[in-house]
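Each chain, written out:
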Amino acid sequence: MAKAHKVNGSSGFPKDLKLPNGRAVVVRLLETGDAAGILAFARSLPPNDLLFLRTDITESDNVGEWIANVEKGNTATVIAEADGKIVGYASVHSDQARWTRRVGEIRVQVGPSFRGAGLGRHLAAEIFRLGQMRGLKKMAAMMTPDQAGARAAFEKLGFQVEALLQDWVVDRDGRPRDLIIMSHDLEGLSDQINA
Ligand SMILES: CC(C)(COP(=O)(O)OP(=O)(O)OC[C@H]1O[C@@H](n2cnc3c(N)ncnc32)[C@H](O)[C@@H]1OP(=O)(O)O)[C@@H](O)C(=O)NCCC(=O)NCCS
C-alpha cells in the first residue's frame, strides 16, 4: 500500500488577509482547542446551510471526530477568524487506506455575512495547496442540485460536474436528495484558483 505522505502544512500560517470589502481575517490551521469555536460557527449558520451539511457539525461528537481525523492526518482544515470568531473553513479529507486515496474531498463553508468577498476562493486555494502537499491528484466536491449558489461558486473555482447520483443522500430533515459530484484535477494546476 502507498505510504501516507507526511504533511507539514503548518508552514506559512497564520496568515493575515484583508478582503476586498475591507474586512480583516486570519487564516490558520484548525487546532485541537477549536472545537468550541467550530460548534459556535456551525450553530450560527442559517437553517438552509445546516440542511446540507455533510456531517452535522452542530453536534459536539461529530466535531470531536473531525478534530480526531485532523490529528490522524486524514483531514486538513484551514479556518478563517475575524475578531477571534470562526467565520469560515475549508477541509480536505482523504483516506490512505482506500483505493480513492488519490482523491481528496473538499468542503468549504463561509458564514453568510462573509460570502461573496473572495474568502471561499482563498480558503479553497489553501486547501488545494495542502492537497498537493499530500500527493492528491484530484479534488472532489459533493453537493445537492439544490445548492445552486455553491455549484456556481465551485464552477468559478474550476470544478466540473463529474456525476449526478439519484436519491443518493438524505438531508438533515431525512429527505432524499440527488448528489452532484464535482471534480478538479490538481496535477498541472493553473493559477486560476488564485486569480
Ligand atoms: C460556496 C461558498 C463556500 C462560497 O464562498 P464565498 O466566500 O462566497 O466565495 P467567493 O466570494 O470566494 O467566490 C468564489 C467565486 O464563486 C462565485 N460565487 C460565489 N457565490 C456565488 C453564488 N451564489 N452564485 C454564483 N457565483 C458565486 C464568486 O463570484 C467567485 O467567482 P469570481 O472570483 O470569478 O468572481 C459559500 O457560498 C458557502 O459557504 N456556501 C454554503 C456551503 C456550501 O454549500 N458549500 C459547498 C459544499 S462543500
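Residues numbered from 1 in each chain as written. Predicted model: local features only at pLDDT ≥ 70, side-chain atom pairs only at ≥ 80, totals over all residues. Heavy atoms only, no water.

A. Structural detail: the site of the ligand. Neighbouring residues of the ligand: 19 residues in total, closest Val110, Gly116, Gly118, Gly120 and Arg121. Contact distances for the ligand include 2.8 Å between an oxygen atom and a backbone N or O atom of glycine 116. Between the ligand and glycine 120 there is a distance of 2.8 Å, counted from an oxygen atom to a backbone nitrogen or oxygen. The cavity that encloses the ligand is the largest pocket. For the shell around the ligand, the secondary structure elements donating two or more residues are strand S5 (103–110), helix H4 (119–133) and helix H5 (148–156). (Near = heavy atom within 4 Å. Polar contact = N/O pair within 3.5 Å; in protein donor to acceptor, adjacent residues only side chain to side chain. 1 Å grid on protein atoms, 1.4 Å probe; cavity = no way out; pocket = protein on both sides within 12 Å on 5 of 7 lines; lining within 4 Å. Sits in = over half its atoms within 2 Å of the grid points. Helix = DSSP H or I, 4+ residues; strand = E, 2+ residues; numbered from the N terminus.)

B. Inspection of the layout of surface pockets at higher detail. Quantified by volume, the largest pocket comes out at close to 1300 Å³. Contributing to the lining of the largest pocket are 47 residues, with Arg107, Val108, Gln109, Gln147 and Phe154 lying nearest its centre. No other element matches S5, which puts six residues into the lining of the largest pocket. Of the residues belonging to the lining of the largest pocket, the class tally is 22 nonpolar, 14 polar and 11 charged. (Points joined across faces, edges and corners; volume = space filled by probe spheres on them. Nonpolar A, V, L, I, M, F, W, Y, C, P; charged D, E, K, R; others polar.)

C. Quick peek at the confidence of the model for the protein chain. Of all residues in the protein chain, 92% have pLDDT values of 70 or greater, and the mean over the chain is 91. Note on residues 1–7: pLDDT under 50 across the span, and 13 contacts to partners over four residues away in sequence or across chains. (pLDDT = per-residue confidence, 0-100. Contact = heavy atoms within 4.5 Å.)

D. Focus on the pattern of salt bridges. The final tally for this structure, using the stated rule, is 18 salt bridges. For aspartate 95, the salt bridge identified is with arginine 98, shortest N-O distance 3.2 Å. When the shortest N-O distance is used, the salt bridge between arginine 151 and glutamate 155 registers 3.3 Å. Remark: glutamate 155 and arginine 151 occur in helix H5; sequence separation between them is four residues, near one turn of the helix. Among the residues examined, arginine 151 registers a relative accessible area of 32% and is labelled partly exposed. Taken together, the salt bridges that share partners define one network made up of Asp146, Asp171, Asp173, Arg175 and Arg177. (Salt bridge = Lys/Arg side-chain N within 4 Å of Asp/Glu carboxyl O. Buried < 20%, exposed > 50% of the residue type's maximum accessible area, 1.4 Å probe, protein only.)

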